[in-house]
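# Summary of the model geometry
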Amino acid sequence: MATVDLQQTSSLTLESGEQGNVLNIDNDNASARISLFGGHLLSYINKKDNRQRLWLSDEAIFDNQTPIRGGVPICWPWFGEASTSLPDNSPSHGFLRTQTWQVEHAEDVVSQNKVRETKIILVPSQMNNVGFNTNLNVRLLIKVGDSLIIHLETTNLSENPIELSQALHTYLSISDISNIVIDGVTGSYLDKLTGISMPKTPHPYLIDAEVDRIHSHVQENKVMVIDKETNEPLAQVSQRGHDSLVIWNPWIEKSARMKDMSKEGFKTMLCIEAANTDGLQIGPKETHILEQIIY
Ligand SMILES: O=P(O)(O)OC[C@H]1O[C@@H](O)[C@H](O)[C@@H](O)[C@@H]1O
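Residues numbered from 1 in each chain as written. Predicted model: local features only at pLDDT ≥ 70, side-chain atom pairs only at ≥ 80, totals over all residues. Heavy atoms only, no water.

The helix and strand tally for the chain stands at one helix and 21 strands. Split into buried and exposed, the 295 residues of the chain put 53% on the buried side. Nonlocal contacts in the chain, meaning residues at least 24 apart in sequence, comprise 62% of its contacts between residues at least 6 apart. Split by element, the accessible area of the chain, about 13,700 Å² in all, is 45% carbon and sulfur. Positive and negative side-chain charges in the chain, numbering 24 and 37 respectively, have mean positions lying 2 Å apart. (Helix = DSSP H or I, 4+ residues; strand = E, 2+ residues; numbered from the N terminus. Buried < 20%, exposed > 50% of the residue type's maximum accessible area, 1.4 Å probe, protein only. Contact = heavy atoms within 4.5 Å. Areas by Shrake-Rupley, 256 points an atom, 1.4 Å probe, with all protein chains shown as cover. Lys, Arg positive; Asp, Glu negative; His and termini not counted. Charge placed at Lys NZ, Arg CZ, Asp CG, Glu CD.)

Shown next, in the form of structure tokens:
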């Protein structure tokens, strides 16, 4: 691939430091950081209130091998543990979050609503891995403006349908997990901790223990995390091209077992993941877009 001249995009710089190679974006509406290891968003600050929307672990490991804890990991072409048909030691959540990605395109643009934004397209440098031999093309389109738009595009280049699973594993930054309520998630869900399908999402939806849930029948497109005391929205996401939302917080004991999470880390994060967990079929020559927008 031809090298993209990043200097053409005035809102964008490439930094090489302790966190590896990171794209730094700073425009009129927002700032953001994207690691080229994993094509991984690390930070998004919307300048309308200067609040950080993404949570990044204080203990995240930046060694260009370990998946980064926090931000927006790209889970692809499987979500969660690898199927038994794949070789032993196939990594959890697929192999793209531990690939180096390249910039295919970068541009300062003005949106239809006349908002200045930075548009970036990233592609993984390698596609075949650990027995998952596909004829698939992946692109990650990111628009940083008065919202953060993320498109994970998968194109099936082959003559046959292909099945996969995937997620935009977004870690949202919140003030205090004991002080929030989730709005917009209802219906039945699979509790991954017990393996049991639960008929109803609790209302109000509070988090006061470990949660790992796949919500497959979410009616609302927009989901909000609201401060219980002030009623202010702390985070707002919407999604498209998904079959489920995954809600995850490891709570006290699981956090303590994780090498890249501090003891108190779980208190200020909540994952709301736009996902396809039920086997997404992509037809020959078709492109699928999984979108999440963070406001
Ligand atoms: O530690 P990892 O591989 O990044 O996964 C974190 C969590 O990711 C969530 O999506 C899964 O539902 C959890 O089961 C998992 O523990």
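Attention now goes to the sheet that holds strand 1 (residues 12–17). The five strands lie next to each other as 1-2-3-4-5, forming an open sheet whose pairing is antiparallel. Each of the sheet's edge strands pairs with one partner strand only, and the pair in question is strand 1 and strand 5 (51–52). Across six bridges, the pairing between strand 1 and strand 2 (residues 20–26) is antiparallel. Of the residues in strand 2, the one forming a bridge with Gly-17 is Gly-20. (Pairing = 2+ DSSP bridges.)

Below, the discussion takes up the environment of Leu-136. Residue position: Leu-136 is located in strand 9 (residues 136–144). On the basis of relative accessible area, Leu-136 is assigned to the buried category, the value being 5%. Along the sequence, Leu-136 and Glu-104 sit 32 residues apart, while their C-alpha atoms lie 17 Å from each other. In this view, Leu-136 contacts Trp-76, Met-127, Thr-154, Thr-155, Asn-156, Leu-157, Ile-162 and Leu-164; residues no more than four positions away in its chain are not counted.

With that settled, consider the nonpolar core. In terms of nonpolar packing, the biggest core is built from 69 residues, with Leu-23, Trp-76, Leu-122, Ile-207 and Leu-270 touching the most fellow members. In terms of residues, this core owes the most to one element, strand 20 (residues 269–282), which gives seven residues. Core analysis: the next-biggest nonpolar cluster, separate from the first, contains six residues, Cys-75, Phe-79, Ala-167 and Ile-214 among them. (Core = buried A, V, L, I, M, F, W, Y, C linked by side-chain atoms within 4.5 Å.)

Taken together, the neighbourhood of the ligand is formed by Arg-69, Phe-79, Ser-92, His-93, Arg-97, His-169, Lys-192, Asp-212, Val-246, Trp-248, Lys-254 and Glu-273. A distance of 2.9 Å separates an oxygen atom of the ligand from a polar side-chain atom of Arg-97. In the environment of the ligand, an oxygen atom lies 2.9 Å from a nitrogen or oxygen atom belonging to the side chain of Lys-254. When the ligand sits alone it has 400 Å² of accessible area, and the protein chains cover 85% of it. (Near = heavy atom within 4 Å. Polar contact = N/O pair within 3.5 Å; in protein donor to acceptor, adjacent residues only side chain to side chain.)

This part takes up the sheet that holds strand 13 (residues 180–183). One open sheet accounts for eight strands, arranged 7-8-9-10-21-18-17-13; its pairing is antiparallel. Looking at which strands have only one partner, the edges of the open sheet turn out to be strand 7 (101–110) and strand 13. Recorded for the sheet is a direction-independent mean angle of 15 degrees between the axes of neighbouring strands. As defined by bridge partners, strand 7 adjoins strand 8 (residues 116–124) across nine bridges and the pair is classed as antiparallel. Within strand 8, the position partnered with Glu-107 by the bridge is Lys-119. (Axes fitted to C-alpha atoms, helices over the stretch in contact; angles between N-to-C directions.)

This part covers the packing of aromatic side chains. Considering all chains together, one arrives at five aromatic pairs under this definition. For the ring pair Trp-78 and Phe-95, a centre distance of 5.9 Å and an interplane angle of 70 degrees mean the geometry is edge-to-face. Within this pair, whereas Trp-78 is found in the loop between strand 6 (74–75) and strand 7, its partner Phe-95 is found in the loop between strand 6 and strand 7, the two being separated by 17 residues in sequence. A single burial state applies to Trp-78 and to Phe-95, both of which are buried. Ring pairing ties together the aromatic residues Trp-55, Tyr-171 and Trp-248, which thus form one cluster. Here the basic side chain of Lys-222 rests over the ring of Tyr-295, its NZ or CZ set 4.7 Å away from the ring centre. (Phe/Tyr/Trp six-rings, centres within 6.5 Å; stacked < 30°, edge-to-face > 60°. Lys NZ or Arg CZ within 6 Å of the ring centre and 35° of its normal.)

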